[in-house]
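Remarks on the overall topology
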Amino acid sequence: MSKVIQHGVRSTEPMLLVVQVGNAARSAFGNYSHSRRCDVSGRRFFSVTCALFGRGPPSRIEKKTVDIPGLERVTYADRMHYVPGLAKPVFPDWRRDWHDPHHYRGPKNEEMKLHKANPCYVFNQRTKILEGVRQALWLTKSKLIQGLPEHILSLAEDPANQIEDQGKRVQQAIRHSCFWDTTAIRPKRDRFCPVLLRDLLHLCGTLQLKHTSLSKSILAENYRVAALWNQESDVFQVRGLIGMLLNIMTPLPEVIQSGEVLATENHTLETFCPISPTIDLQSTYVYDQKNDTGFRDGYPYPHAHTLFFIETEDSAAKFKPEQLRAKMIMFAFGNALARAKSLYGEHPQVLEQPVVVQSIATDGRLFQFIVLQLNTTDLGPDTGVKNLIWMDQDQLLYDYAKCRPLIKKKAVTMAKH
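Residues numbered from 1 in each chain as written. Predicted model: local features only at pLDDT ≥ 70, side-chain atom pairs only at ≥ 80, totals over all residues. Heavy atoms only, no water.

1. Let's talk about the overall build of the protein chain
When its secondary structure is counted, the protein chain shows 7 helices and 13 strands. For the protein chain, with 417 residues in total, the buried portion stands at 33%. Put simply, 72% of the contacts in the protein chain that link residues at least 6 apart link residues at least 24 apart. Counting every atom, the protein chain has about 28,000 Å² of accessible surface; 54% of that belongs to carbon and sulfur. (Helix = DSSP H or I, 4+ residues; strand = E, 2+ residues; numbered from the N terminus. Buried < 20%, exposed > 50% of the residue type's maximum accessible area, 1.4 Å probe, protein only. Contact = heavy atoms within 4.5 Å. Areas by Shrake-Rupley, 256 points an atom, 1.4 Å probe, with all protein chains shown as cover.)

This is the structure:
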């Protein structure tokens, strides 16, 4: 800033005037100059995200060409260079005579074979629905019952079904997953969670001598399921990749008998108006109307027994507990619906023999349990027979597990489980 020199003395009146004007402007406009990325003088402020003030090239305004029938435009296409006053030529799209994967242009949605007039709302492995379990109950036309069925709890409490030294062996599985080859205070979930689940499944497999039916099962990984149904005027589909599924040769027995199933007609589905039931679901017009269990015909283990979900540390795939339980319900329902339609056909009906599927989810510490009994495939109206879901949530396997000792008040405490 230039300064005025009068009689050999530097005068600061212009600077004071500028400072006073700047202070007045900041007080009047709420210090607006500091909220911008750059001010007039070129100084930069890094307190605000650059993306808010990024300036790109000015948008080009395309002129609309008016086609008058019977008149032909005079363009400069023959001269092969721009000529003022002549119209810009429009050339047809150039297409290669060979297939170039780096410059491939897919067809439009309207030109695809699987394009439909009505949209389909898809629930996939990364869908996080807003209303959680309530929304999943409405989509699957189900009634929720808190707690697991009594016969499952009685099987777990029966001493004949427990493993020898069960407490010690479970602690060894926790140590193997958390403390085996790491020195970190808290190991990453992507590593210890799958190891813990496999160790616990291995402990369950040691009961094959007592229960020979356990040998007639197989664990499948990374399989895809697809189940489609209509509800009112909308089309829904559960589709995607699931982690692990335990398959068996014979289906699971029904939890409750047909008399109690018919009593579910009096149950009213909970609504969450004004929120739409299709919120957070992927809407697409290109989809295949199919129901697929993920396995070919003649597979020796066609019946789904238990789905296993592993919670990872990936921010894109990380679910809140409510959303995780909704995901368990939707994929258990998708497996049961696909199996029911392969057995009884595509026609909506009340099933003579309900399809039962279980689901377990864990983050390595908390466990979620769900048992679903599919009673009907007639999911269009809200009335009639409902499906049943039993849920047991937030079951803690251990308090905490740390590799390094805890030093507090001059007392050293080793890792506890």
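Having put the structure on the table, let's press on.
2. Points about empty space enclosed by the protein
The tally for this structure, following the rule as stated, stands at 1 cavity of 30 Å³ or more. Reported here for the largest cavity is a volume of approximately 60 Å³. Considering the residues around the largest cavity, the lining is formed by Leu245, Asn247, Thr293, Phe295, Pro302, His303, Ala304, Asn335 and Arg339. Contributing elements (two or more residues each) for the lining of the largest cavity: strand E6 (234–248), strand E8 (303–310) and helix H7 (321–344). Counted by class, the lining of the largest cavity contains 4 nonpolar, 4 polar and 1 charged residues. (1 Å grid on protein atoms, 1.4 Å probe; cavity = no way out; pocket = protein on both sides within 12 Å on 5 of 7 lines; lining within 4 Å. Points joined across faces, edges and corners; volume = space filled by probe spheres on them. Nonpolar A, V, L, I, M, F, W, Y, C, P; charged D, E, K, R; others polar.)

3. Looking at the nonpolar core
Ranked by internal contacts, the top residues of the largest apolar core, which has 47 residues, are Trp229, Leu307, Phe331 and Leu374. Sorting elements by how many residues they give to this core places H7 first, with 12 residues. (Core = buried A, V, L, I, M, F, W, Y, C linked by side-chain atoms within 4.5 Å.)

4. Some remarks on the pattern of salt bridges
Counted by the stated rule, this structure contains 8 salt bridges. Where Arg134 meets Glu270, a salt bridge forms, and the shortest distance between an N and an O atom there is 2.9 Å. Of this pair, Arg134 sits in helix H2 (residues 133–140) while Glu270 sits in the loop between helix H6 (258–262) and strand E7 (282–286); the two residues are 136 residues apart in sequence, bridging distant segments of the chain. Take Arg134: its relative accessible area is 31%, and that puts it in the partly exposed class. Close ionic contact of Glu221 with Arg198 constitutes a salt bridge, the shortest N to O distance being 2.1 Å. With a gap of 23 residues between them, Glu221 in strand E5 (residues 217–231) and Arg198 in helix H5 (residues 189–205) connect regions that are remote in the sequence. (Salt bridge = Lys/Arg side-chain N within 4 Å of Asp/Glu carboxyl O.)

5. Regarding helix H4 (residues 166–178)
Its 13 residues give H4 an end-to-end C-alpha distance of 18 Å, which sits within 8% of 18 Å, the value for a rise of 1.5 Å per residue. Of the positions making up H4, those classed as buried are Ala173, Ile174, Ser177 and Cys178. End-on, the buried residues of H4 take up no more than an arc of 115°, which puts them together on one face. The exposed set on the far side of H4, more than 90 degrees from its buried face, consists of Lys168 and Gln172. Where H4 is buried, its residues meet H5. (Expected span 1.5 Å × (residues − 1). Arc of directions from axis to C-beta.)

6. Comments concerning unusual backbone geometry
The step from Cys273 to Pro274 runs through a cis peptide bond, and the omega angle for that step is 10°. With respect to the element layout, Pro274 can be found in the loop between H6 and E7. In this model, Met80 sits at a positive phi of 65°, which is unusual for a non-glycine residue. The exposure class of Met80 is exposed, given its relative accessible area of 77%. In this structure, Asp394 takes a positive phi of about 55° despite not being glycine.

7. Remarks on the confidence of the model for the protein chain
For the protein chain, per-residue confidence averages 84 on the pLDDT scale, and 83% of positions sit at 70 or higher. Contacts from residues 1–22, a stretch scored under 50 in pLDDT, to residues over four places away or in other chains number 9 contacts. A low-confidence stretch, residues 24–41 stays under pLDDT 50, and its non-local contacts, those more than four residues away or across chains, total 19 contacts. (pLDDT = per-residue confidence, 0-100.)

8. Some remarks on the side chain of Asp392
The residue Asp392 is located in strand E11 (residues 387–396) in this model. One buried charged residue, Asp392, remains without a salt bridge, the closest side chain of opposite sign being Arg325 at 9.1 Å. Of note is the side chain of Asp392, whose polar atom sits 2.9 Å from the side chain of Gln395. (Lys, Arg positive; Asp, Glu negative; His and termini not counted. Polar contact = N/O pair within 3.5 Å; in protein donor to acceptor, adjacent residues only side chain to side chain.)

9. Let's talk about the side chain of Thr278
Here Thr278 lies in the loop between H6 and E7. Residue classification places Thr278 among the buried residues on the basis of a relative accessible area of 15%. Within the structure, the side chain of Thr278 is placed 2.9 Å from the side chain of Ser276, a separation counted as a polar contact. Here Thr278 is in contact with Tyr121, Gln135, Asp234 and Phe236, once residues within four sequence places are set aside.

10. So, the environment of Lys116
For Lys116, the position within the fold is in strand E3 (residues 115–123). Using a relative accessible area of 21% as the deciding quantity, one classes Lys116 as partly exposed. Sequence separation of Lys116 and Asp288 is 172 residues, and the distance between their C-alpha atoms is 9.2 Å. Beyond its immediate sequence surroundings of up to four residues, Lys116 is in contact with Tyr285, Tyr287 and Gln289. At 2.9 Å, the side chain of Lys116 and the backbone oxygen of Leu114 are in polar contact.

11. Observations concerning the pairing of strand E9 (residues 350–362)
Of all 13 residues making up E9, 10 are buried, and the element is well covered by its neighbours. Summarising the sheet, E8 and E9 pair through 5 bridges and their orientation is parallel. Its bridge partner being in E9, Thr306 is matched across the sheet by Gln358. Following E9, the chain reverses through 3 residues before pairing antiparallel with strand E10 (residues 366–376); Gly364 in that reversal takes a positive phi of roughly 95°. (Pairing = 2+ DSSP bridges.)

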